[in-house]
Amino acid sequence: MPICIQLETSTSTPVVQVKSSCIDTLTTDFCLKFGDAACFDAYISFCQKTCRVCQQEVSMSRSRLTYALDTAADTPQGKYLYLETSSPRVSGDNALYVSTSLSATNGSCLSFWYHMNGSNIGQLNLYLRKTGSKWLQSKVGIKSATPYSVVIEGVRGNGIQGDIAIDDITFSSTAFCTSIAGGATPSTTIESPRPTTLTTASKIDCNFDSGLCGWIQLKGDQFDWTRQNNPTSTGGTGPGKDHTSGSGYYLYIETSSPRSNNDKAQLQSPIIAKQKAGQYCFSFWYHMWGQHIETLNVYAQRQGSNGKPVWTRNGNQGNAWKLAEVAIDATSDFKIVIEGVRGASYAGDIAIDDFSLSPGSCKPANADACGFESPNLCGWTQMKNDNFDWSLQSGLTSSSNTGPSKDHSTQTGKGFYLYTETSKTNNGWKAALLSPKFSYRTDKCASLWYHMYGNDIGTLQIYLVIGKTSKLLWSSSGNKGDKWLLTRMNIPSPAADWNLKVVATVGSGYHGDMVIDDFSLTDGLCSGTQLTNSTVTPSNVAITTTTSKPPTTTPSKAPTTIIASTASPFGNINCNFDKGLCGWVQDLKDKFNWKSLNKPTSTSRTGPTSDHTSGKGKYLYIETSSPRKRNDRATLNYQFPKPISTGCFSMYHHMYGSNVGTLQVTGRDATGKLATLWRKSRTQGNKWLKMSISITKNISMIAINGIVGSGIRGDIAIDDIMFSPTPCEQAVSGQLKDVTKLSCGFDSSFCGWKAISSIQGQQTFMLTSPSSSPPQGPDVDFNTGTKNGKYLGLPANKGTKTYSAKLISPVVTKPKGAICLTFAYSILSKSPSSADLLSIGWQRNNSTTSPSSVASGFGFYTPNKWRLVQYTINAMDDFMISIEAVKKVGTPYLAIDAINVKPGSCPAAGSYAYIESSSATVSGDNAILLTPMADDKISTSQCLQFWYHMYGINVGSLKVIFSIESSAGSYQMSDSIVWSLSSSQSNKWMSASIPFNSKSRVYQFKFQGIVGNGAAGDIAIDDVAIRLWTCSLKPVLADPNLGSSTTIVSTSPTLSPSTSSTAPFS
């Protein structure tokens, strides 16, 4: 039957259909079956002349009919479309085949046959293009609320054997399909999203494991970015692996020949639509390592113009992947252009990976823990109502003899910190920095490392800001030496959103750069105290201030060293995680964070059911479920206040599950060199286990790394971290040649030491814990600073006679020289005169020398107080060490912990604070030393005790000022002089006491030293402490109501302050 061929375009897809009569069916079928174009042209010509119904329908060009003609049934004569991948094609080139615009649909089906055979096959993609806007990858089942086009994209692989072909495209606007045969992905229907302003954001995200994700290489540059999944070809530059997984792909610029200086490679995103939020955050990871690294730029291209970079980085950034976050204005459409610039030579490969675009502003990168390694400062901002700004810096500051040489985070000259450049400022100028706003309503501990080195250092202050109210949390002034120091501040349950404000006030000259680094915010109030300018817990106020130069008028000292200690000199390392991370911080450069939990983890058959400490507290663990990948790492860091060379690090760990990865402990020395201290992999059973590491070399930072294993049942947990300054315990028996084996932390045994009593049946030293009842020692042990450790306790004497208890070491072979004995002790008493006595002696051939008294009893107002004593022993023969305690009737406990023995004489120890009255000062100059703010809520009388030394013909005055809130909660402080003394007193240390009552208000003391009329006028203070008992003003002539005192009668101190001696043994 004669027919007429009409091209039906109502479905927006060219389809050959048979209509009316023109040519017989047999001829038509023949032409269609064998794809004969000449035959089909004849049909078209005939129809245009004789079939009016189809004349307008067939006006499209012959090329638009080609794929509709090829319905050949798998014959050599049929035609198809294919991607030719031979030269000049290169990897990543793509070819698009676009349909006409199609009407909106609630369900249509597109089907086609494809052929992909070859060793270099790339990709075949199918997209929906929303008319006028964005690209979206779709599946064959199509739903779209707006008109759209279908795009078939062929992407060239990495060689010539990669031709891809398609054929037999059909489209149905009524028959909806839901899946794709042949293993293509995605395999389920994707709907074209409703029109929004964010429709292009997801297309930008790319890890380059499967291609360029729609990004294109620009043609106006000098060379292209290269996709790579191995190290780059040049040594000493480029990454060793990708950032995503360590086994995927990344892009980099290859800067070897034929590249030349300043050549550029540019990568461009698809167009990104504006959106109502007004801003996008574009994040990516970059790697810039090599001596010839030049520049990496990011542009927001608008209307074909790049404009100025919205982000740039220059020079060698180290052999590590680093995160960049770029805020981009989204008030108009734009494209992102990433530009790599080649440097002076071949060692300049720059790499990029893991693109992500999200609407809104860039969120601060882990605002709770910031190392200030990027220009966004984790959300911290420069305030406007100050005089100048803080500066981001690495390495040295611009002025000599001030500022650090390296940052605190990395301990290298490559890391960054914030500092105030004072060379072009005036005295009294301020630079203020404001933290992001925090919404926490629970107790928090804020920590910040600072560096105040230089002769002209001014004042550094930290405030808590709530609304329009600012409360001073911490303040420090003057030169602190060329070292990093830590301050920690309690923030108890704020009632509203809050910020922290850091204010630096310029001193008297350009040697006054003040520096901050490594801010962290942890759960719970700060536990324990720091030796260096730290906020302390209620009623525990003590100062240890060091100086590198003794007073001109050197005070005399008694023959024993007693080192005052209000907290472990190793900082807040010990932690059971019940109230936060203590002094530990989450690493900023790892893949994810450790989590705190007080119940089983969310995945069955892995992780603990409860914490180790009590079964009711918290522990830390790594969650290994999605989106975690194998070898993802979570790192917890602890920075020691100063490097340590010996000690014992221990913690409990739980590694249970069929997919457990690795738990690793590493140490880093002051030069940044990293060493693995301990490592364990795979499941260890459903139980808590203890590990211990003896530290035998200098380290400044310790890190705990949790590394994800092969699946979700790989949760790793840690708890009860403890550090002791003594080596991990070893059993001691027989005669010793190595004196260090006498060292003992008493956490599980006596380590060979023996305890005896002078009265048969009377108690002697025993292993006890802080939680024992009744208490037999302090409520924390010295080694760990927690309730988890143990020590030796001597209980209260409830008998009728005084007796002695001894602790005797194993026999030690005669050493080649002097040895140094150090240990901690604590004695509880109601007053100094009623305290027990402690002495050190030695035994030879089972005979006892007369003990040399080195430490008199001293009472402390709270049980958790320890003091250190050190003693140099010069033994002439084999010997045993004897530590003897004399227990008086009715006295409370006495405790000993952390015995440490090492070769060599004990170093001179103990520090004091003094004012230097030589030529750098003039008469009337004054220096003020502040105690930390105290908020102990005590309404009864207390006592401030300290020792002073005022000797010299030109001594001025020493005053103590009591600063207290005008009313509770007002934080408005008022000052009054409560102690004052002038002129030379005596060439010896003298004790002082001041009664006071804080009336449950916030308070602090200020020690003011006033220079006299000449150089021989140094004034020193030492051993400052607050006691809960009452006392009287001492000396009485220091009563400020009596006026200035010129002379004072010498008084006999109750206890001599810290000194050092050498006691010979013969």
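Reading the values: the criteria
- Each chain has its residues counted from 1, following the order in which its sequence is written.
- Thresholds applied to this predicted model are a pLDDT of at least 70 for local features of residues and 80 or more for the giving and counting of side-chain atom pairs; totals over whole chains, interfaces and linings are not thresholded and use all residues.
- Computation of side-chain values: all heavy atoms of the structure, hydrogens and water removed.
- Helical segments are the DSSP runs of H or I of at least four residues, strand segments are the runs of E of at least two, and each set is numbered from the N terminus.
- Polar contact is defined as a pair of N or O atoms within 3.5 Å, subject to the rule that within protein one atom must be able to donate a hydrogen and the other to accept it, and that residues adjacent in sequence are counted only when both atoms are side-chain atoms.
- Any two residues whose heavy atoms approach within 4.5 Å at even a single point are treated as in contact.
- Two strands are said to pair when DSSP picks up at least two bridges between them.
- Note on geometry: axes are C-alpha line fits, over the in-contact stretch for helices, and angles between N-to-C directions span 0 to 180 degrees.
- Without a salt bridge and with relative accessible area above 30%, a residue can belong to a patch; like charges are then joined within 9 Å and nonpolar side chains (Val, Leu, Ile, Met, Phe, Trp, Tyr) within 5 Å.
- Under the convention used here, a 1.4 Å probe and the Shrake-Rupley method define accessible areas, while residue burial counts only the protein chains that appear.
- Any carboxyl oxygen of Asp or Glu that lies within 4 Å of a side-chain nitrogen of Lys or Arg is treated as forming a salt bridge with it.
- Partly exposed describes any residue whose relative accessible area lies between the buried limit of under 20% and the exposed limit of over 50%, with all areas from a 1.4 Å probe on protein chains only and scaled to the type maximum.
- Throughout, disulfides are identified as pairs of cysteine sulfur atoms within 2.5 Å of each other.

J.: Help me understand the side chain of Ser993, please; the structure alone is not making it clear to me.
T.: As for its placement among the helices and strands, Ser993 is situated in strand E61 (residues 990-996). Within polar-contact distance, the side chain of Ser993 engages the backbone oxygen of Ser1032 at 2.7 Å. If we skip the residues at most four places from it in the chain, Ser993 touches Cys943, Leu944, Gln945, Trp979, Cys1031, Ser1032, Leu1033 and Lys1034.

J.: Can you help me understand the sheet that holds strand E60 (residues 973-982) in this one?
T.: To summarise the sheet geometry, strands pair through backbone hydrogen bonds and adopt either a parallel or an antiparallel arrangement. Spatially, the four strands line up as an open sheet ordered E57-E62-E59-E60, and their pairing is antiparallel. For this open sheet the edge positions go to strand E57 (926-930) and E60, each flanked by a neighbour on one side alone. Within the sheet, the average angular offset between the axes of one strand and its neighbour, ignoring direction, is 20°.

J.: So what exactly am I meant to see when it comes to a nonpolar patch on the surface here?
T.: A surface patch of nonpolar side chains, amounting to about 280 Å² of accessible area, comprises Val1036, Leu1037 and Leu1042. You can see Val1036 is positioned in the loop between strand E63 (1019-1027) and strand E64 (1062-1064). Its relative accessible area of 57% is what places Val1036 among the exposed residues.

J.: Explain unusual backbone geometry to me, please; I cannot follow it from the model alone.
T.: When glycine is set aside, most residues are seen to have a negative phi, and most peptide bonds are trans. The residue after Ser257, namely Pro258, is reached through a cis peptide bond having omega 15°. Here Pro258 is to be found in the loop between strand E14 (250-253) and strand E15 (264-268). Of note, the amide linkage connecting Lys1034 to Pro1035 takes the cis form, showing an omega dihedral of -10°. Although it is not a glycine, Phe577 sits at a positive phi angle of roughly 65°. When you line up the elements, Phe577 lands in the loop between strand E34 (561-565) and strand E35 (585-586).

J.: Mind showing me how you'd approach the state of the cysteines here?
T.: By definition, a disulfide links the sulfur atoms of two cysteine residues through a covalent bond. A complete count under the given rule lists seven disulfides for this structure. Across a sulfur-sulfur distance of 2.0 Å, Cys370 and Cys378 are joined as a disulfide pair. The sign of the S-S torsion, about 80°, decides the handedness of the disulfide formed by Cys370 and Cys378: right-handed. The same class applies to Cys370 as to Cys378, namely buried. The disulfide that involves Cys575 links it to Cys582, with 2.1 Å between the sulfurs. Disulfide Cys575-Cys582: torsion about the S-S bond near 75°, hence right-handed. Exposure remark for Cys575: the relative accessible area of 1% places this residue in the buried category.

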